[in-house]
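# A structural walkthrough
Given next are the chains, with one letter for each unit.
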Amino acid sequence: MGVDQYDAIGEAFEGFKSLPLTRFGEVPSFLGLVGDVKGRSVLDLACGTGFYSREFKRRGATDVLGVDISVEMIAAAKEIERRAPLGVDYEVGDVIELRSLNQRFDIATGVQCLNYAQDLAEMERMCRNIHRSLVPGGEFFLLAQKPDYAFDCASLETYGFRCEPTGEELETGPKVRVTAMLDPQPITIVSSAPRRESYEKCLRAAGFGELEWVPLRISEAGLRERGEEFWADLLAHPPLEMLRARA
């Protein structure tokens, strides 16, 4: 679950956003959950190549800081910013050891972020670092593997991904291997699928309240383009879920 697996991907990570599950499920669902960011500051943790950082800036966020542990991911994000400047700042950083930032943010986001904690102590430390980076009453939005996802259900390959347990178990939950079915070269990433109680215990210990789990939805564009039957298996067994919490 090390940083090297992301360093090897670099800007190819942008290709994830073209796959059906991401394009019509994850992206519209997560942006819809975060809602109106106009005039607000956003801390985008585990930002990868900056996809959501750029979206928040386009939608009117004032200050946007993207942080990722991968040097190559941040290099790719900065190169995209150089080619098409939006005013997004990026830096290399580990959420477990997140530095004290120069400001507190109105919103923090983490797409596939807390699931890289090796144990509950690391996850709680991540949550505490996020909490102190937010203004009082600020919101944290998380997108992750659905905590009780059943790996024996229909394959996700129709939607662009393969997801399978590795057979190993961490204190937070089972380890999983996710493969993005990109052409010509699939990309595989190993992380974990923390249990619901792991997330909730660590967030509450860090001072977060008003925790709310929010289901993944398919956008109207996805339903129009692919039809309801195409999405039936995914909606019956959604692989992703979102969580909101207030500092």
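In this report, we go over the structure that sits alongside the text.

The rules behind the values
- Residues numbered from 1 in each chain as written.
- Predicted model: local features only at pLDDT ≥ 70, side-chain atom pairs only at ≥ 80, totals over all residues.
- Heavy atoms only, no water.
- Pairing = 2+ DSSP bridges.
- Helix = DSSP H or I, 4+ residues; strand = E, 2+ residues; numbered from the N terminus.
- Axes fitted to C-alpha atoms, helices over the stretch in contact; angles between N-to-C directions.
- Contact = heavy atoms within 4.5 Å.
- Phe/Tyr/Trp six-rings, centres within 6.5 Å; stacked < 30°, edge-to-face > 60°.
- Buried < 20%, exposed > 50% of the residue type's maximum accessible area, 1.4 Å probe, protein only.
- Salt bridge = Lys/Arg side-chain N within 4 Å of Asp/Glu carboxyl O.
- Core = buried A, V, L, I, M, F, W, Y, C linked by side-chain atoms within 4.5 Å.
- Disulfide = S-S within 2.5 Å.

It is worth spelling out the sheet that holds strand β5 (residues 134–145) at this point. Strand order in the open sheet made by the 7 strands is β3-β2-β1-β4-β5-β10-β9, with mixed pairing throughout. Looking along the sheet, the strands with just one partner apiece sit at the ends: β3 (89–92) and β9 (209–215). Taken over all neighbouring pairs, the strand axes of this sheet differ in orientation by 15° on average, direction set aside. The strands touched by helix α4 (residues 71–83) within the sheet are β2 (64–68) and β3, with β3 carrying the most contacts at an inclination of about 165°.

Inspection of the entire model under this criterion finds 11 aromatic pairs. On the numbers, 5.2 Å between centres and 85° between planes, the contact of Tyr149 with Phe151 is edge-to-face. Taking 5.7 Å as the distance between ring centres and 65° as the angle between the ring planes, the aromatic pair formed by Tyr199 and Trp213 counts as edge-to-face. Of this pair, Tyr199 sits in helix α6 (residues 196–205) while Trp213 is found in strand β9, placing the two residues 14 residues apart along the sequence.

Before going further, it helps to examine the side chain of Glu91. Looking at the secondary structure, you find Glu91 in strand β3. Of the residues examined, Glu91 reaches a relative accessible area of 17% and is grouped as buried. In this view, Glu91 contacts Leu65, Gly66, Val67, Asp68, Ile74, Arg99 and Leu101; residues no more than four positions away in its chain are not counted.

Moving on, we get to the pattern of salt bridges. As enumerated under the stated definition, the model contains 22 salt bridges in all. Between Glu124 and Arg128 there is a salt bridge, with its nearest N and O atoms 2.8 Å apart. Of this pair, Glu124 and Arg128 both sit in helix α5 (residues 120–132), 4 residues apart, roughly one helical turn. Sharing partners across several salt bridges, the network here consists of Glu139, Glu210, Arg244 and Arg246.

Our next topic: the nonpolar core. Phe30, Tyr52 and Phe56 are the most contacted members of the largest nonpolar core, which has 43 residues in total. Ranked by residues supplied to this core, first place goes to helix α2 (residues 20–34) with 7 residues. Aside from chain neighbours lying at most four places away, what touches Phe56 is Phe30, Leu31, Val34, Val37, Val42, Ala61, Val64 and Thr109. Ile96, Ala108, Met123 and Tyr199 belong to the second-largest nonpolar core, a separate cluster that totals 31 residues.

Here we take up the state of the cysteines. Two cysteines, two sulfur atoms, one covalent bond between them: this is a disulfide. One pass over the structure, following the stated rule, counts 0 disulfides. Note on Cys127: no disulfide assigned, nearest cysteine sulfur contributed by Cys202 at a separation of 5.4 Å. Take Cys127: its relative accessible area is 0%, and that puts it in the buried class. Taking the relative accessible area as the measure of exposure, Cys202 reaches 2% and is therefore buried.

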